[in-house]
Amino acid sequence: MRSYTLYKMYRGTAVALLAVAGASAAPAPESSPLPSPSLAPAIIERPALPLPLPRSFERKEENQPFQQTVRFVIGNGEKEGYAEIGVPAQRRLVIEHVSALVQGPAGQKYFGSLRTTVGRDNTGWHYLVFSQQYAGGGIDVHAASQPMRAYADSFGAPVRLSISRGLEDAGSVSVDATVSGYLVDRW
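Residues numbered from 1 in each chain as written. Predicted model: local features only at pLDDT ≥ 70, side-chain atom pairs only at ≥ 80, totals over all residues. Heavy atoms only, no water.

Colleague: Hey, could you run me through the overall build of the protein chain in this one?
Modeller: Looking only at helices and strands, the protein chain has zero helices and twelve strands in total. Its helices and strands taken in sequence order, the protein chain reads β-β-β-β-β-β-β-β-β-β-β-β from the N to the C terminus. Counting every position in the protein chain, which comprises 187 residues, the buried fraction comes to 34%. Summing over all exposed atoms, the protein chain offers an accessible surface of approximately 12100 Å²; the carbon and sulfur share of this is 54%. (Helix = DSSP H or I, 4+ residues; strand = E, 2+ residues; numbered from the N terminus. Buried < 20%, exposed > 50% of the residue type's maximum accessible area, 1.4 Å probe, protein only. Areas by Shrake-Rupley, 256 points an atom, 1.4 Å probe, with all protein chains shown as cover.)

Colleague: For this particular structure, what's the right way to read the pairing of strand β5 (residues 80-85)?
Modeller: Taken residue by residue, a regular strand's side chains alternate between the two faces of the sheet. Burial along β5 is one-sided: Gly81, Ala83 and Ile85 are buried, and none of Glu80, Tyr82 and Glu84, which face the opposite way, are. Two elements, β5 and strand β11 (residues 159-165), share six bridges in a ladder whose sense is antiparallel. Note on β11: the bridge partner recorded for Glu80 is Ser164. (Pairing = 2+ DSSP bridges.)

Colleague: Any chance you could explain the environment of Gly166 here in plain terms?
Modeller: Inspection of the secondary structure puts Gly166 in the loop between β11 and β12 (173-185). When its relative accessible area of 34% is taken as the criterion, Gly166 is described as partly exposed. Separated by 59 residues in sequence, Gly166 and Gly107 have C-alpha atoms that sit 9.9 Å apart. Once you skip the residues sitting within four places of it in the chain, Gly166 turns out to touch Lys79 and Lys109. (Contact = heavy atoms within 4.5 Å.)

Colleague: How should the pairing of strand β7 (residues 110-118) be read in this particular structure?
Modeller: Here β7 lies mainly inside the structure; seven of its nine residues are buried. Bridge analysis of β7 against β11 gives six bridges, and the strand direction is antiparallel. Along β11, the bridge assignment pairs Gly112 with Ile163. Sheet analysis places β7 next to strand β8 (residues 122-128), joined by seven bridges and oriented antiparallel. From the neighbouring strand, Arg115 faces β8, where its bridge partner is Trp125. Hairpin connection between β7 and β8: a loop of three residues separates the two successive antiparallel strands, and Gly119 in this loop has a positive phi of roughly 75 degrees.

Colleague: Would you mind showing me how to read the sheet that holds strand β10 (residues 139-153) here?
Modeller: Strand pairing in a sheet takes place through backbone hydrogen bonds and is either antiparallel or parallel in direction. Sheet architecture is open: five strands sit in the order β4-β12-β6-β10-β9, paired in antiparallel fashion. Edge positions in the sheet fall to β4 (64-74) and β9 (131-136), since each has one partner strand and no second. Each strand of the sheet is rotated relative to its neighbour by a mean of 15 degrees, with strand direction disregarded. Pairing of β4 with β12, which is carried by eleven bridges, proceeds in the antiparallel orientation. Its bridge partner being in β12, Phe72 is matched across the sheet by Val175. (Axes fitted to C-alpha atoms, helices over the stretch in contact; angles between N-to-C directions.)

Colleague: Teacher, can you tell me more about the sheet that holds β8 here?
Modeller: Reading across from one edge, β5-β11-β7-β8 is the order of the four strands in this open sheet, with antiparallel pairing throughout. Across the chains shown, the open sheet's two edge strands, defined by having one partner strand only, are β5 and β8. On average, each strand axis in the sheet is tilted by 20 degrees relative to the strand beside it, whichever way the strands run.

Colleague: Would you explain unusual backbone geometry in this entry?
Modeller: Across residues other than glycine, the phi torsion is negative in most instances, and most of the peptide bonds are trans. Positive phi is not limited to glycine here, since Gln90 has a value of about 55 degrees. Structurally, the position occupied by Gln90 is in the loop between β5 and β6 (91-105).

Okay, structure coming up:
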């Protein structure tokens, strides 16, 4: 005998009933909250396999996670500092997020950018927005945490994260930054 699950809307709620093929249905007692069999509920057979997940939940094995942190110092009297991140051969880096933390003398302002190259000579600049996080003891701390979509190819110039400061260039500035995203095959 095959069994089926019956689904019927009853007072705004889906009610599941079990039916066995070849068995006769007895009427439900008057006090029962279930509908009577005379309402002819639809018969739906349960699927044998679990339902597939939406594509957004599938693992993408062809994409390799990428994350790299760089640290550098802008020295006393210098206006800018930078660090470069190489992209592995025959790969494209898809950058999804960049964050940077800058600590320097009080009162200084900072400007950040990320340089990427697609192809051999198609260079783009992506700018970071800094906000002050802390001030005290003669030190100011600024941070940027920014989602983005940028691309960098392995045969172009390396990814360059640059931090510049305004007119003031006294004192040392420390920079910690992280670039994250994923790598895809280029060929």
